[in-house]
Amino acid sequence: MISYHNRQVAHHEIDHIFQDLFPSHGMTARPSQIELSHKMLDAMIHSKIALSDAGTGIGKTYAYLVAGVSFSRALSRENIPFQPILISTSSIALQTAVREEYIPFLSSVLLEDKLIQAPIRAVIRKGKSHYVCDERLMRRLRQVDLERKNPLAAQALLSLRDHLDADQAPHLSQYDRNRVCVPTICDCRRDSCRYLCYMEACNSDRYLFQICNHNLLLADAIHRGSGHRPILPDVGALIIDEAHKLPETARQMFGITLAAKDIRTLIRTLRAERYLLASESLADMASALLKLMSLPPDGNRPFSDYVRHMIGPARTLATIQRQLSGVLTPTARKELDRISSAVHLFLEERSDLVFYTAADDDGGTLLCASISDLTAQLQATLWSQPQPVLLTSGTLAIGKDFCRFKEEAGLTGNSRVEESVSPSPFDYRKNCLLYFPAMPPKQHEVDYFDKLAEEIRTLLIAVHGHALVLFTSYAGMSAVKDRLKQQPLPFPLFTMGRNAPHTMAQFKAAPGSVLFATGAAWEGFDFPGDCVSLLVIPRLPFQYPDALQEKKREAYPDLRTFIRAVAVPEMQIRLKQGFGRAIRLETDTCAIAILDERAARGSRYFQDVQSALPEMPITSSIYAVERFIQRVKDESYFEEAA
């Protein structure tokens, strides 16, 4: 497809950008980053599925962006018709950073060098529900009494006359959003329709990079696989960043999910449409379920506890459907039908589905029903498409072993798959110290939490705060916090709950403070600098036994084989994610304390922990931890703690 000469030109461009252009703008040339970009370009040229495990600090984002630009330019020199490059990520933060920071910088550097003649453009793609339908907006503005509406919500609704993206109006109520968003079937065909004009621009050759989340990527793949009109344009290459989250996203996309906010939104919708009795009845019958779902998922709580509280809401939903389905607005009827179907599905005993819980976006519990085997669906939708695919993350492999990810993603045995590991350039041997207590608290003992709290307290004092303690359960976090309250710490202590961003801001604004966290904090937040100079992991992050784990276990002859093949690799990947919170910059220094007795020297998971983490010095002495901090920190660090 691309001649040998043009391949060489593309590779020379990569070297020129990383070795000449970037350093002239203050960026260090990193051999591992350059090598990764070359491998990504080769995968694009040869239409491979490339798995790239890129350690912290490699700079994988610029690696794939530069490879993508060079690949696109090579196609252009071959007079191959333009096709954009699609970047799929899991987080909004990364999507925004790619569009507003990474690509503008790369574009300005290449323009200055005259390597390109026009700026590189990128657009973030979202589903229809995120955009405003002009016709529905005008109808809603005619219906609503803005004087009686919450001022912030009223202003948000009015602002949509100037904003196509409803996400730019953060105070917009869910009820208003549902009534003004572009419907599933959009056929107004108005020349002045902002949404249609925007879609036309998105699908033109104006944007080299199209950026979306994993949900939209999979939705587009499902549309294509079922013969429906694609959501996204045909692309020349697909880049999946934060690829370790793809299997779980697929599990939810190919199944059914129900969150507490879905039920609450329906209750508000019924109330807003003046069906007060129906709204109050549903709120009353669902109160126990909503209370349970507002709590974070608990590995010790069986799924049947949630199902038990669905019987009443299911009957009420059926009654509302029977009595009001014909008079509700189309949007309200759609909400009602979706939630009613989900609730009744959870009440059924379907052998072809696996029922399990996950954390929702608000810190509560998301109820999930999924097909047990994703491999066939992912093979049919994503991996059967001919374009090259780059999958990258810092946690795709354990050492150099990609087996667990390939099994989860349906890539085992795929002849197109190539693998590469790019270790972090950070000097972990100099900047980190791994601590295992000589006599770790033992979970089976009655005073376990007393000893655990005392061990954590001793570490916090030795390191002068500046700590993140990552728990595997809210129950364990609460037990330790309650015990530490009896002997107050000399540092502010924050506990991450439902309002995670607010707690995170408080923690970062209080130098020397301590944060107790679990759930999304294992991989969803960055703590650069001295903010986290002690990372404490009380328990190894094994998955709690649930229906999903039991289904996976069925494929193995015995428990021991399952643990070695599935449970341990999943724990190691989670441990890598947690460790990544500690060192985000080349200058970061941190002590990492793992207090689980199963991880101690000579215990059954000691070697597994070592192989999951970078090589660094190990100690069992609290005094060595104290001396390490005194050596690597400057005077301002200790002043913050004081």
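Quick caveat, the model's predicted, so the values are computed rather than measured.

## So, the packing of aromatic side chains
So, point 1. The full count for this structure, using the stated rule, is 20 aromatic pairs.
So, point 2. Taking the centre distance of 6.0 Å and the plane angle of 65° together, the rings of Phe346 and Phe355 count as edge-to-face. Exposure class is identical for Phe346 and Phe355. Each is buried.
So, point 3. Clustering of aromatic rings is evident, with ring pairs tying together Phe18, Phe22, Tyr62, Tyr102 and Phe105.
So, point 4. Seen from the ring of Phe527, Lys508 lies directly overhead, with NZ or CZ sitting 5.8 Å from the centre.

## Regarding helix H12 (residues 276-285)
So, point 1. Every buried residue belonging to H12 is among Ala278, Ser279 and Leu282, and all of these are buried. Buried residues of H12, seen end-on, are gathered within an arc of 100° and therefore sit on one face of the element. Exposed residues lying more than 90 degrees from the buried face of H12 are Leu277, Glu280 and Asp284.
So, point 2. The inward-facing, buried residues of H12 contact helix H11 (260-272) and helix H15 (311-324).

## Notes on the side chain of Gln577
So, point 1. Structurally, the position occupied by Gln577 is in helix H24 (residues 559-579).
So, point 2. Excluding residues within four positions of it along the chain, Gln577 makes contact with His244, Thr395, Trp522 and Glu523.

## A word on the sheet that holds strand S7 (residues 353-359)
So, point 1. Across the sheet, three strands lie side by side as S6-S8-S7; this open sheet has antiparallel pairing. This sheet does not close on itself; its edge strands, each paired only once, are strand S6 (256-258) and S7. Within this sheet the neighbouring strands show an average axis-to-axis angle of 20°, counted without direction.
So, point 2. Where helix H10 (residues 246-253) meets the sheet, its contacts fall on S6, S7 and strand S8 (365-371), and the angle it forms with S7 comes to roughly 120°.
So, point 3. Against the sheet, helix H16 (residues 330-347) makes contact with S6, S7 and S8, and its axis sits at roughly 105° relative to S6, the strand it touches most.

## Considerations on the side chain of Thr589
So, point 1. Looking at the secondary structure, you find Thr589 in the loop between H24 and strand S16 (590-594).
So, point 2. Residue classification places Thr589 among the buried residues on the basis of a relative accessible area of 7%.
So, point 3. Among the polar contacts made by the side chain of Thr589, one reaches the side chain of Lys633 at a distance of 2.7 Å.

## Some remarks on unusual backbone geometry
So, point 1. Its identity as a non-glycine residue notwithstanding, Asn79 has a phi of 60°, on the positive side.
So, point 2. Along the polypeptide, Asn79 turns up in the loop between helix H3 (60-77) and strand S2 (85-89).
So, point 3. A residue is classified by how much of its surface remains accessible, and Asn79, at 69% relative accessible area, is exposed.
So, point 4. Even without a glycine there, the phi angle at Glu242 is positive, about 50°.
So, point 5. Here Glu242 shows up in the loop between strand S5 (237-241) and H10.

## A word on the packing of helix H1 (residues 4-24) against helix H4 (residues 92-112)
So, point 1. Between H1 and H4, the shortest axis-to-axis distance is 10 Å and the interhelical angle comes to 90°. Overall, the two elements H1 and H4 adopt an arrangement that is roughly perpendicular. Taking contact as the criterion, the partners of Ile17, Leu21 and Phe22 in H1 are, on H4, Phe105, Leu106, Val109 and Leu110.

## Side note on the nonpolar core
So, point 1. Core analysis: the biggest nonpolar cluster contains 63 residues, and Ile240, Ile263, Phe346, Leu382, Trp383 and Leu391 have the highest contact counts within it.
So, point 2. For this core, the two domains that each supply at least three residues are domain 1 (4-126 + 194-252 + 376-422) and domain 3 (256-371).

Quick notes on the rules
- Residues numbered from 1 in each chain as written.
- Predicted model: local features only at pLDDT ≥ 70, side-chain atom pairs only at ≥ 80, totals over all residues.
- Heavy atoms only, no water.
- Phe/Tyr/Trp six-rings, centres within 6.5 Å; stacked < 30°, edge-to-face > 60°.
- Buried < 20%, exposed > 50% of the residue type's maximum accessible area, 1.4 Å probe, protein only.
- Lys NZ or Arg CZ within 6 Å of the ring centre and 35° of its normal.
- Helix = DSSP H or I, 4+ residues; strand = E, 2+ residues; numbered from the N terminus.
- Arc of directions from axis to C-beta.
- Contact = heavy atoms within 4.5 Å.
- Pairing = 2+ DSSP bridges.
- Axes fitted to C-alpha atoms, helices over the stretch in contact; angles between N-to-C directions.
- Polar contact = N/O pair within 3.5 Å; in protein donor to acceptor, adjacent residues only side chain to side chain.
- Parallel < 35°, antiparallel > 145°, perpendicular 65-115°, else oblique.
- Core = buried A, V, L, I, M, F, W, Y, C linked by side-chain atoms within 4.5 Å.
- Domains from an automatic or database assignment.

Just distances and angles here, no functional claims.
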